[in-house]
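Coordinates in review
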Amino acid sequence: MPAGPVFGHGLRPDVAVGCAAGVSNPRLEWGFTMKYRYLGDSGLAVSRVCLGAMTFGQEGWGCDQDAATQLISAFVDAGGNFIDTADMYSRGASEEILGRAIREHDRDDLVIATKCYFRTSDKPNAKGLSRKHVIQACAASLRRLGTDYADLYQLHGPDPYTPIEETLRTLDDLIRKGMVRHIGCSNFFAWQFVKANGIAARLAMETFCSGQYLYNLLRRDIEREILPACGDQGMGVLCWSPLA
């Protein structure tokens, strides 16, 4: 799975979670209780373990629909609520499989994250972070996921050809339209997301609440600049390939 532990920052406590009177907690059957954190400085509570869906739909070595549905059910039963995918995973099949799998669960109880940036077809504008592509990519992701909003919409990489102001305004518009709740980035250099957040704040637009990066026992590069910068910017951190 590409996504793994979710890191907060500073001294923000874990989120307290309880059950209504007379309602059993299925998480206790697993011998532990899932912990939750606020994602960065946002008020969005996510399970400290995020289920990555990159392998969904991968021919030969990934998960088919049945396996993915069972995996998600086990994850939710264990208290997980945070699931991450992207439009380029298995050429959109990951989102489609995830969309079908979550029909068995209450959508409002889940935090669904997806991403855009990488090429999705051979058309000239089917890549990058232009206004045209971001809007089209978001709408296409929502159709595949079978939902009318994404809880976290992430830029999968920086686009050197599109002004960041264009991208940020587009993301802000998606939030105002109700298609996206929060925004994040992935694989940006520290200076890139610090610059983006500064521009967004100056223009009274939404800022990134999270960053997603390669992080495990073998690859600890982000400890030098990314993690300190995320802490400074009030951004939570998602890890991909946490098991190396």
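Since the model is a prediction, treat every value here as computed from it, not as a measurement.

Attention now goes to the nonpolar core. Ranked by internal contacts, the top residues of the largest apolar core, which has 35 residues, are Tyr-153, Phe-193 and Phe-208. Elements with a minimum of two residues in this core: helix 3 (131–145), strand 7 (150–155), helix 4 (164–176), strand 8 (180–186), helix 5 (190–202), helix 6 (226–233) and strand 10 (236–240). The contact partners of Tyr-153, leaving out residues within four places of it in the chain, are Thr-114, Lys-115, Cys-116, Val-134, Ala-137, Cys-138, Leu-171, Leu-174, Val-180, His-182, Ile-183 and Gly-184. In this structure, Cys-63, Ile-97, Ala-101 and Ile-112 belong to the second largest nonpolar core, which totals 15 residues.

Right, let's get into the confidence of the model for the protein. A residue-level look at the protein finds 88% of positions with pLDDT of 70 or above and a mean pLDDT of 91. Across residues 19–28, where pLDDT falls below 50, the model places twelve contacts with residues more than four positions away in sequence or in other chains.

Although it is not a glycine, Ala-204 adopts a positive phi angle of roughly 60 degrees. Relative to the assigned elements, Ala-204 resides in the loop between helix 5 and strand 9 (210–214). Here Ala-204 falls in the exposed class, since its relative accessible area comes to 60%. Backbone geometry at Ser-241 places phi at a positive 55 degrees, although glycine is not the residue there. Assignment of secondary structure puts Ser-241 in the segment after strand 10. Owing to a relative accessible area of 27%, Ser-241 belongs among the partly exposed residues under this scheme.

Scanning the entire structure with this criterion turns up two aromatic pairs. Relative to Phe-118, the ring of Tyr-117 lies with its centre 5.0 Å away and its plane at 70 degrees, an arrangement referred to as edge-to-face. Among the residues examined, Tyr-117 registers a relative accessible area of 21% and is labelled partly exposed. Here the guanidinium or amino end of Arg-181 rests over the ring plane of Tyr-149, the centre of that ring lying 3.9 Å away.

What counts, and where the lines are drawn
- Each chain has its residues counted from 1, following the order in which its sequence is written.
- With the structure being a predicted model, the display of local features is reserved for residues of pLDDT at least 70 and the display and counting of side-chain atom pairs for 80 or more, all residues being used for whole-chain, interface and lining totals.
- Heavy atoms throughout the structure, all of them, feed into the side-chain values; hydrogens and water do not.
- Within this scheme, the nonpolar core is defined by two criteria: the residues are buried Ala, Val, Leu, Ile, Met, Phe, Trp, Tyr or Cys, and they are joined through side-chain atoms within 4.5 Å.
- Summary of the burial criterion: residues with accessible area below 20% of their type's maximum are buried, those above 50% are exposed, and those between are partly exposed, where the area comes from a 1.4 Å probe applied to protein chains only.
- Only DSSP runs of H or I with at least four residues qualify as helices, and only runs of E with at least two residues qualify as strands; both kinds are numbered from the N terminus onward.
- Any two residues whose heavy atoms approach within 4.5 Å at even a single point are treated as in contact.
- Per-residue confidence from the predictor is given as pLDDT, running between 0 and 100.
- When the centres of two rings from Phe, Tyr and Trp lie within 6.5 Å, Trp using its six-membered ring, the rings pair. Their planes under 30 degrees apart give stacked, over 60 give edge-to-face, and anything left gives tilted.
- A ring is considered to have a charge above it if a Lys NZ or an Arg CZ atom is located within 6 Å of its centre and within 35 degrees of its normal.

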